[in-house]
Amino acid sequence: MIYFQEKISICFVLWKQSIIFAGRLIDSTLPEMELKVIILEEALDFIKSLPKPVGDKIYDNIHRIESGERNAEIFSKLEGTEIWEFRTLFSKVKYRLFAFWDPGRRSFVIVTHGIIKKTQKTPKKEIEKAERIRKDFLAQNRCDYGTGREI
């Protein structure tokens, strides 16, 4: 079972009732709403294990996205998946948090876990892990991904 350890939320304004992140239109039919990033326990443990300045920068990047900043350098979708990455570069070290949209609420981004990226390519096993967590979350919340309706 997935439990939420901590919530980070800041309200932002939607332009013309569209959500656009990293230069991509997410949904143009959504009403104005608050974007919330929910960090799961494993991701929190990862952030807490890092030096404080690194954790502070990761949280700052999350707040920037919650505030409505559209910046593919810090938040973008991994091609061919439903997984998104929060990207942080600190002292030439790349940190990644994997996330997905909660289609039932459509304004929630769920952060699954994090890694220190050591290669140019994102490790496939980490993407698969995020996809597994996403599928478990959707099954637990009984949400039909295609429509965002509860089943």
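Overview of the structure. (Residues numbered from 1 in each chain as written. Predicted model: local features only at pLDDT ≥ 70, side-chain atom pairs only at ≥ 80, totals over all residues. Heavy atoms only, no water.)

**A short note on the packing of aromatic side chains**
A full pass over the atoms with the stated rule returns four aromatic pairs. An angle of 25 degrees between the planes, with centres 4.9 Å apart, marks the rings of phenylalanine 75 and tryptophan 84 as stacked. Given a relative accessible area of 1%, phenylalanine 75 falls into the buried group. Judged by centre distance (6.3 Å) and plane angle (80 degrees), the ring pair of tryptophan 84 and tryptophan 101 falls under edge-to-face. Pair noted here: tryptophan 84 is in strand S6 (residues 84–90) and tryptophan 101 is in strand S7 (residues 93–102), with a separation of 17 residues, a long-range link. Here the two residues tryptophan 84 and tryptophan 101 agree in accessibility, since each one is buried. (Phe/Tyr/Trp six-rings, centres within 6.5 Å; stacked < 30°, edge-to-face > 60°. Buried < 20%, exposed > 50% of the residue type's maximum accessible area, 1.4 Å probe, protein only. Helix = DSSP H or I, 4+ residues; strand = E, 2+ residues; numbered from the N terminus.)

**Some points on the layout of surface pockets**
What the largest pocket holds in volume is close to 410 Å³. Forming the walls of the largest pocket are 20 residues, and the residues nearest its centre are Ser76, Glu85, Arg87, Arg96 and Lys117. Elements supplying a minimum of two residues to the lining of the largest pocket: helix H2 (52–66), strand S5 (75–77), S6 and S7. Looking at the lining of the largest pocket element by element, the count peaks at four residues for S6. (1 Å grid on protein atoms, 1.4 Å probe; cavity = no way out; pocket = protein on both sides within 12 Å on 5 of 7 lines; lining within 4 Å. Points joined across faces, edges and corners; volume = space filled by probe spheres on them.)

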